Amino acid sequence: HIQDPASQRLTWNKPPKSVLVIKKIRDASLLQPFKELCMYLTEENNMIVYVEKKVLEDPAIANDENFGPVKKKFCTFREDYDDISNQIDFIICLGGDGTLLYASSLFQGSVPPVMAFHLGSLGFLTPFNFENFQSQVTQVIEGNAALVLRSRLKVKVVKEHREKTTVQNGIEENGVVSANLEKEVGKQIMQYQVLNEVVVDRGPSSYLSNVDVFLNGHLITTVQGDGVIVSTPTGSTAYAAAAGASMIHPNVPAIMITPICPHSLSFRPIVVPAGVELKIMLSPDARNTAWVSFDGRKRQEICHGDSISITTSCYPLPSICFRDPVSDWFESLAECLHWNVRKKQNNFAVEEEE
């Protein structure tokens, strides 16, 4: 029996007490919704509200005397400094899809359920409308909501760590003044949890990227072009769709590999099982280095000898649905991407004789 994806529900073992509110920075239109939501959570529901410190530094919030008593009840944190992963029961996002991606980046392990309000430009991943936020938030607190578990990618970047050392007196054997030399002193390993996609591209170089893609240790292809996108089903409707890939429902366990402007007519996007391990490295004869980014963040250079390993993470992002996973997804396709939206063909006029 295959489980119906629409049957996943949010249930609480005990009532939630703490909530993280994430607001899009530098957007004045969100100040009033943010204030209303925080006052409702603290005064009506007696919840502990966590807010990022830089949000409260906004002059419009800092100088609002009416909001002062509420603001004093907040718990604040700073990205990359404070670990709040074990203190949050659920998350509320105010903004666009980028706000949800940011929420994902804050939790490199288990992610609390996320309720996302559509207050940004696209809103594919943010199904809730803010007009009736009180009743919708109450439903979530009571545990009456459908869930979609959005798979994430676990990415491990291994770099040959090079340390710059200067030749003694700055003079080489031939008498030429020497630049700093690079010396290998071990490996540097970084890990990331990615909700949308990993993008490997050619960066500022004018040459084609030349990267090898391995699947479970076997070389499957070499990408010659502008780069390659490795995406989750959630990310299939983002950069991958723009690059010509199919769109995959978030409940499908899969990883998508999409070339960016490949220098080959036959290089089509492919879907592989979620359980495989992908590895991406510069080809030995590549003319230039490559660059990699994770959900559009942490962009960095990849040199010869470096590697990027990608697998499906065991920590998905539980996204709270407005209706259910199937209805929400098709509604987003029509509303945000205008999928198959067109005027209907006219029918034939029926003759009176017929």
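In the nomenclature of an unreviewed UniProt entry, the protein chain is known as NAD kinase of Zosterops hypoxanthus. According to the UniProt record, the Cofactor (unreviewed entry) comment for the protein chain is "a divalent metal cation". Per its UniProt entry, the protein chain bears the Sequence similarities (unreviewed entry) comment "Belongs to the NAD kinase family."

Undergrad: In this structure, what is going on with the sheet that holds strand β14 (residues 254–260)? I would like to understand it.
TA: The pairing of strands in a sheet happens through backbone hydrogen bonds and is either parallel or antiparallel. Taken in spatial order, the six strands make up an open sheet running β15-β14-β13-β10-β17-β18, and their pairing is antiparallel. Looking at which strands have only one partner, the edges of the open sheet turn out to be β15 (270–273) and β18 (297–302). Each adjacent strand pair in this sheet contributes to an overall mean axis angle of 20°, direction not counted. The sheet contact formed by strand β13 (residues 227–231) and β14 spans five bridges and is antiparallel.

Undergrad: Got a minute to help me understand the nonpolar core in this structure?
TA: For soluble globular proteins, the rule of thumb is that nonpolar side chains tend to be buried together. F34, L37, L41, F74, I92, F117 and V137 are the most contacted members of the largest nonpolar core, which totals 32 residues. Within the residue set of this core, elements represented by two or more residues are β2 (18–23), α1 (31–44), β3 (48–52), α2 (53–56), β5 (90–95), β6 (114–118), α6 (133–141) and β7 (145–150). Counting residues per element, this core draws most heavily on α1, at six residues. Apart from residues lying up to four places away in sequence, L41 is in contact with V19, V21, N46, M47, V49, I92 and V137.

Undergrad: What exactly am I supposed to notice about unusual backbone geometry here?
TA: Backbone geometry follows two general trends: most residues other than glycine have a negative phi, and most peptide bonds adopt the trans configuration. The phi dihedral of C261 is positive, around 45°, even though this residue is not glycine. Summarising the element assignment, C261 is placed in the loop between β14 and β15. When its relative accessible area of 55% is taken as the criterion, C261 is described as exposed. Despite not being glycine, D295 shows a phi value in the positive range, around 55°. Residue placement: D295 occurs in the loop between β17 (290–294) and β18.

Rules of the game
- Throughout, a residue's number is its position along its own chain's written sequence, starting from 1.
- Totals for whole chains, interfaces and linings use all residues, but because this is a predicted model, local features are given only for residues with pLDDT of at least 70 and pairs of side-chain atoms are given and counted only at 80 or more.
- Side-chain calculation: all heavy atoms of the structure are included, whereas hydrogens and water are not.
- UniProt positions are given in the numbering used here, feature names are shortened, and annotations may be inferred rather than shown by experiment.
- Any two strands between which DSSP finds at least two bridges are classified as paired.
- Helix numbering and strand numbering both begin at the N terminus, where a helix is a DSSP run of H or I of at least 4 residues and a strand a DSSP run of E of at least 2.
- Between the N-to-C directions of two axes lies an angle of 0 to 180 degrees, each axis being a line fitted to C-alpha atoms and, for a helix, fitted only over the stretch in contact.
- Here, the term nonpolar core denotes a set of buried Ala, Val, Leu, Ile, Met, Phe, Trp, Tyr and Cys residues that are joined through side-chain atoms within 4.5 Å.
- Burial classes follow relative accessibility: with a 1.4 Å probe on protein chains only, a residue under 20% of its type's maximum area counts as buried, one over 50% as exposed, and anything between as partly exposed.
- What makes two residues a contact is simply this: any of their non-hydrogen atoms within 4.5 Å.

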